[in-house]
Amino acid sequence: MNGKPLVYLDNAATSQKPRQVLEAMDDYWRKHNANVHRGIHTLSVEATERLEDARKKVADFVGVKDAREIVFVRNATEAINLVAYSWGRLNIGRGDEIVLTVAEHHSNFVVWQQLALENGAVLKIVPVDENGEIDLAAFKKALTKKTKLVTFFHVSNVLGTVNDVHRLSGIVHRKAPRAVVVVDGAQAVPHMPVNIDSIGCDFYVFTGHKMLGPTGIGVLWGRREFLEAMPPFLFGGEMISKVSLGRSSWNELPWKFEAGTPNIAGAIGLGAAVDYLTALGMGNVRKHEMELTEYALKQLGKIDDVIIYGSKDSEKRGGVIAFNVGPVHAHDVASILDSEGIAIRSGHHCAQPLMEFLGIESAARASFYIYNTKEEVDKFIAGIDKVVKVFKLRSTDYSLRSTAVVSSQ
Ligand code: 7TS
């Protein structure tokens, strides 16, 4: 990249894909391509088996016993929209409360904001503390008899915070028994062992392309009784049981929510990604990323001009480090690193409410995955040193040195 070996540190945006994933998809396209769930012919049966086999793999991977609770969608965003449309629109009305955190990705913010605007519900936004963790006192205070839905990220795509989602779900169910809990696991499932069954939430979403899989395939998990009761999200082929001139009835789970021809190759690719991660062991994936994160935090911390957002404790964060270099715009930081072949993200990270809360316009972000190495972290640090030199920064010129996020009011 730009004459240098690529150092890819934009994994929170999307991961690279292993050969095994590409080959599984290629094999499907070349040898087993047919439409699913509708053909009697052998090729169609083969395609259907491969799709449903991928669903079982995904269910096992996240500790879900009943694969019918795994709905394939396009991405985490679509999964959240599905819950808002099918569950939210019917169950959340005027004066009802939706509780979420200020650190949600736009996918888990705008959807609920929009629902609240349409249905007259109240959006309650919980702050995070100086370590990027949900302000528990504010969280508990926000839960009332009117709370209908509570949602939070499992791992923050900016601060890296790992939420204790089991504890948070328990608090919700005790304090607001009528509320459902939706967990955004887009940054968790790719990076650490996740057992949805043990969390105690009602819906959990994640996305294939951040976990070595292809784009265009994501997952909604929902408790069976909720999914059974919810109306379809989209209507058309595949999702029906019987169509007559007057009315129609719906297919069983999960196909009730999978209208039209699904992303068959995408699901198969995700199944192969799950095999790959399972072989590595998710505990090992987490350990590797924690080591890289700890090392990077230590090295970055030595550069006076660097402001790191979120916790300094790698146990409490995923492999995501958002930072700024003194007053330098994050896009300039990213451009200089790019000229060294290092890919990071810069900007608002689809978390503008959080940026506003932190009092910043933008941040640079390095995010790690299985293939990153300590040597790459060294190159990244050398890149930051170059930024400091290019901009001739002297930390004494300004008072930006801080390692904490702005605390809640
Ligand atoms: N939730 C979180 C926590 C995310 O980080 C993302 C994507 C999404 C939801 C949406 O995932 P999608 O597959 O539906 O797009 N996050 C990022 C990011 O941090 N940089 O680019 C995409």
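Residues numbered from 1 in each chain as written. Predicted model: local features only at pLDDT ≥ 70, side-chain atom pairs only at ≥ 80, totals over all residues. Heavy atoms only, no water.

(A) The arrangement of the nonpolar core in detail. Counting residues in each nonpolar core, the largest one holds 60 residues, and the members touching the most others are Phe72, Phe139, Phe152, Ile196, Tyr204, Phe206 and Met211. No other element matches helix 8 (residues 264-280), which puts 9 residues into this core. Each of domain 1 (19-279) and domain 2 (282-397) contributes no fewer than three residues to this core. Residue contacts for Ile196: discarding those within four places in its chain leaves Val62, Val64, Cys201, Tyr204, Phe206 and Trp221. (Core = buried A, V, L, I, M, F, W, Y, C linked by side-chain atoms within 4.5 Å. Buried < 20%, exposed > 50% of the residue type's maximum accessible area, 1.4 Å probe, protein only. Helix = DSSP H or I, 4+ residues; strand = E, 2+ residues; numbered from the N terminus. Domains from an automatic or database assignment. Contact = heavy atoms within 4.5 Å.)

(B) Seen up close, a positive patch on the surface. On the surface, Lys140, Arg167, Arg174 and Lys175 cluster together into a patch of positive charge. Examining the composition of the positive patch, we find that 3 residues originate from one element, helix 6 (residues 165-175), more than from any other. The residue Lys140 is located in helix 5 (residues 136-142) in this model. (Patch = residues over 30% accessible without salt bridge, like charges linked within 9 Å, V, L, I, M, F, W, Y side chains within 5 Å. Areas by Shrake-Rupley, 256 points an atom, 1.4 Å probe, with all protein chains shown as cover. Salt bridge = Lys/Arg side-chain N within 4 Å of Asp/Glu carboxyl O. Lys, Arg positive; Asp, Glu negative; His and termini not counted. Charge placed at Lys NZ, Arg CZ, Asp CG, Glu CD.)

(C) Quick peek at the sheet that holds strand 8 (residues 218-222). With mixed pairing, 7 strands are arranged side by side in an open sheet as 2-8-7-6-5-3-4. With one partner strand each, in any of the chains shown, strand 2 (70-73) and strand 4 (122-126) form the two edges of the open sheet. Averaged over all adjacent pairs, the angle separating strand axes in this sheet is 20°, with direction ignored. Looking at chain direction, strand 7 (residues 203-207) and strand 8 are connected through 5 bridges and run antiparallel. By the bridge assignment for strand 8, Thr207 is matched with Gly218. Relative to strand 3 (residues 97-101), helix 4 (residues 110-119) is tilted by about 160°, and along the sheet it contacts strand 3, strand 4 and strand 5 (147-153). (Pairing = 2+ DSSP bridges. Axes fitted to C-alpha atoms, helices over the stretch in contact; angles between N-to-C directions.)

(D) Structural context of the domain arrangement of the protein chain. For the protein chain, the assigned domains are domain 1 (19-279) and domain 2 (282-397). Averaged C-alpha coordinates put domain 1 and domain 2 at centres separated by 29 Å. Every contact between the two is made by 29 residues of domain 1 and, on the other side, 28 residues of domain 2. Taking both partners together, domain 1 and domain 2 bury about 2,300 Å²; carbon and sulfur atoms supply 65% of that area. The tally of links from domain 1 across to domain 2 stands at 0 salt bridges. One can count 12 residue pairs in polar contact (both at pLDDT 80 or more) joining domain 1 with domain 2. Split into classes, the residues belonging to the side of domain 1 that touches domain 2 amount to 18 nonpolar, 8 polar and 3 charged. (Buried area = accessible area lost by both parts, 1.4 Å probe. Polar contact = N/O pair within 3.5 Å; in protein donor to acceptor, adjacent residues only side chain to side chain. Nonpolar A, V, L, I, M, F, W, Y, C, P; charged D, E, K, R; others polar.)

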